[in-house]
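Per-entry structural report
Here is what each chain is made of, one letter per residue.
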Amino acid sequence: MKMHDVQRPPTRPQRYEAPTSIEHAVALLAQAGDSARLIAGGSDLLVELDRGAHNNTDLLIDISRVPGLDGIDSTADGGLRVGAAVTHNQVVADERCRVIALPLAQACLEVGSPQLRNRATVVGNIVTASPANDTIGPLMVLGATVEIVGPRGTRTQPVAEFITGFRKTSLGPGEIVTGLVIPGKAANTRSMFVKAGLRRAQAISVANATVLVRFEDDGSTVGSATVALGSVAPTVIEVRLDQYLAGTSLDADSIDLAARAAAQAASPIDDLRSSAEYRLRMVEVMVRRALQAVANSQHASTWPRRTPMLWSEDFAGRFAPPERALGAIAEGDQIEFTLNGQEVSVAAHPGSTLLDFLRDSCGAKGVKEGCAEGECGACTVHLDGAAVMSCLVPSARAAGADVTTVEGLGTPQDLHPVQASFASCGAAQCGFCTPGLLMSASMLIGEFDDLDRNDIQAGLAGNLCRCTGYGAIEAAVALAAASQPGEAR
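Read on for an overview of the structure. Just so you know, these numbers come straight off a predicted model, no measurement behind them.

Thresholds, definitions, all that
Residues numbered from 1 in each chain as written. Predicted model: local features only at pLDDT ≥ 70, side-chain atom pairs only at ≥ 80, totals over all residues. Heavy atoms only, no water. Helix = DSSP H or I, 4+ residues; strand = E, 2+ residues; numbered from the N terminus. Rg over C-alpha atoms; globule rule 2.2 N^0.38 Å. Buried < 20%, exposed > 50% of the residue type's maximum accessible area, 1.4 Å probe, protein only. Contact = heavy atoms within 4.5 Å. Areas by Shrake-Rupley, 256 points an atom, 1.4 Å probe, with all protein chains shown as cover. Lys, Arg positive; Asp, Glu negative; His and termini not counted. Charge placed at Lys NZ, Arg CZ, Asp CG, Glu CD. Pairing = 2+ DSSP bridges. Axes fitted to C-alpha atoms, helices over the stretch in contact; angles between N-to-C directions. Expected span 1.5 Å × (residues − 1). Arc of directions from axis to C-beta. Core = buried A, V, L, I, M, F, W, Y, C linked by side-chain atoms within 4.5 Å. Phe/Tyr/Trp six-rings, centres within 6.5 Å; stacked < 30°, edge-to-face > 60°. Parallel < 35°, antiparallel > 145°, perpendicular 65-115°, else oblique. Left-handed = near helix turned anticlockwise from the far one by under 90°. Nonpolar A, V, L, I, M, F, W, Y, C, P; charged D, E, K, R; others polar. Salt bridge = Lys/Arg side-chain N within 4 Å of Asp/Glu carboxyl O.

The number of helices and strands found in the chain is 17 helices and 20 strands. Since a compact globule built from 489 residues should have a radius of gyration of about 23 Å, the 23 Å found for the chain is in line with a globular shape. Projected onto its principal axes, the C-alpha coordinates of the chain cover approximately 70 × 55 × 50 Å. Taken across its 489 residues, the chain has 54% of its residues classed as buried. Taking the intrachain contacts of the chain between residues at least 6 apart in sequence as the baseline, contacts between residues at least 24 apart amount to 64%. When the accessible area of the chain is evaluated, it comes to approximately 20400 Å², of which 50% is carbon and sulfur surface. The distance from the centre of the 40 positive side-chain charges to the centre of the 54 negative ones in the chain is 4 Å.

This is the structure we're talking about:
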């Protein structure tokens, strides 16, 4: 009898290793074989392990500490190389990405919440290969290639060929994706990503579309056009629109023809998020609106004035690797790290999440479990200067790191400004979500000195309140921000 996900016992790896070179990672993977799983951000893998998937997994190989994998670099042709450990928020924060790869930046901004984007990687989105993943379509239309290293050397492959089926890729045994290469932006091109979800944040795509139009030298006549559609077929599909748009000036009639053709190419299913009929309708609407925006040079107009990252000034989107190699960490080994300003040494439990480790082994009961899958934000903590969902971080990632929980924000005698404002505004309510909100808010008020309501809502998008009293919460954050001196970063 097949068990439902919630009935399966969780998979608890007993060993963790953080290699400091990609060659070491390849060697570890070759040695361990099917009993090992690679992890970087962990936003998909840890949820799967908690649901009992990959039940033969004994070793987590964490490549997030490999130097050089967390960088975005310019290439000789004016393009970009995005390392395997680059997070969605790094892409959002990088001006080069918005200029060279706007639809990728737009898609990254739509992923989850600030805390999730601080850990989830773009390469992880590709390797997971779900048709609902937001960044696949942009990378396809931008002509990105995947860099792969394995026992037989290195190879590259277009993203469209790398993904071979529903949640399937061309990765062979022992192979690791080390990065993505996006070619330089071609002249006279405009592109845009659009998405339909069931809510404004933390929403998996009901459908998404990425359009790219190349204009002739006159800047108004279409030379070629393509659209990539997500969440409407077993894989993200790419549809050429040249026969409807080439030679036109993106007039209303040609746009209508192209939008209907895009919808006809989709083959969606009914599921919990949407009916197939609604998805087909949304594809037509989204493609039409995206093409209209491109025609009017409004493809970048949806980019917000600024985007809260929930990271400290010295973080800059990159988790610093340790100064020395950690070596292998097994069950019961002592790991050393800083917790709320104090150096601690605690017995490791590699199979647990940082959430469970902090609560059960470190006594940090203020860290709450609401959903255990990165949806609610109750477990938000600060890791090396960034707000993250601790339910989606492997516990051994704490080794050599700096971790702050709500217990480290302030004391009853000396409250942190957000704690004081939550008390004075009556924002605590039942209190379950409050620790996570305080951790997000304490980062947010340090980012800008003139927070407005849009900033507050965007910064707290990853924190859900069961009591639905967001008005008092927003007021508390605004009050705390107003009490902070300093200039916006």
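Back to the write-up after that little detour.
On to the sheet that holds strand β17 (residues 342-347). Ordered in space as β17-β16-β20-β18-β19, the five strands form an open sheet in which the pairing is mixed. The open sheet has two free edges, formed respectively by β17 and β19 (386-389), since each of these has just one partner strand. Strand-to-strand twist across the sheet, computed as the mean angle between neighbouring axes with direction ignored, equals 40°. For strand β16 (residues 334-339) and strand β20 (residues 402-404), the ladder comprises two bridges, and the chain directions are parallel. Pairing of L339 across the sheet is with V403, part of β20. Relative to the sheet, helix α15 (residues 434-444) contacts β18 (380-383), β19 and β20, its axis offset from that of β18 by approximately 40°.

Turning our eyes to something else, we now look at helix α12 (residues 276-295). Taking 1.5 Å of rise per residue, 20 residues should cover 28 Å, and α12 covers 29 Å from first to last C-alpha, within 8% of that figure. Taken from the residues just after α12, S297 is the one with a positive phi, measuring 55°.

Another point: the sheet that holds strand β12 (residues 207-215). Strand order across the open sheet formed by four strands is β11-β12-β13-β14, with antiparallel pairing between neighbours. Each of the sheet's edge strands pairs with one partner strand only, and the pair in question is β11 (189-196) and β14 (237-240). In this sheet, adjacent strand axes meet at a mean angle of 15° when their direction is disregarded. Lying on the sheet, α12 is in contact with β11, β12 and β13 (222-230); it crosses β12 at an angle near 35°.

So, about helix α14 (residues 417-425). Those residues of α14 that sit buried are V418, Q419, S421 and F422. Buried positions in α14, seen along its axis, are confined to an arc of 165° and lie on one side of it. Exposed residues on α14 whose side chains face more than 90 degrees from its buried face are A423 and S424. Considering only its buried residues, α14 is in contact with α15 and α17 (470-482).

The next thing to look at is the nonpolar core. Membership of the largest hydrophobic core comes to 91 residues, with the highest contact counts inside it found for I63, V91, L104, L139, V159 and L180. Among the nonpolar cores identified, the runner-up in size contains 33 residues, and F215, I255, V283 and L291 belong to it.

This part takes up the packing of aromatic side chains. Evaluated as defined, the whole model comprises two aromatic pairs. For the pair W311 and F315, a centre-to-centre distance of 5.4 Å together with 55° between the ring planes defines the contact as tilted. On the basis of relative accessibility, which here comes to 10%, the residue W311 falls in the buried class. Accessibility expressed as a relative area gives 4% for F315, which makes it buried.

Next up on the list: the packing of α14 against α15. Packing of α14 against α15 brings their axes to within 9 Å, and their N-to-C directions diverge by 130°. Between α14 and α15, the crossing angle belongs to the class labelled oblique. Crossing handedness for the pair α14 and α15: right-handed. Residues V418, Q419 and F422 of α14 form the contact with α15, whose participating residues are T434, L437, L438, A441 and S442. Among the residues making up the contact of α14 with α15, the classes are represented as five nonpolar, three polar and no charged.

Let us now look at the pattern of salt bridges. Should the charged atoms of two oppositely charged side chains come close, the side chains can pair. Counted according to the given criterion, the structure contains 21 salt bridges. With a closest N to O distance of 2.7 Å, R199 and E375 form a salt bridge. Note that R199 is positioned in the loop between β11 and β12 and E375 in the loop between α13 (354-360) and β18, a separation of 176 residues in sequence. Across the pair R273 and D271 runs a salt bridge whose closest N-O atoms are separated by 4.0 Å. On the basis of relative accessible area, D271 is assigned to the partly exposed category, the value being 33%.

Moving on, we come to unusual backbone geometry. At S231, a residue that is not glycine, the phi angle is positive and equals roughly 70°. Within the secondary structure, S231 is located in the loop between β13 and β14.

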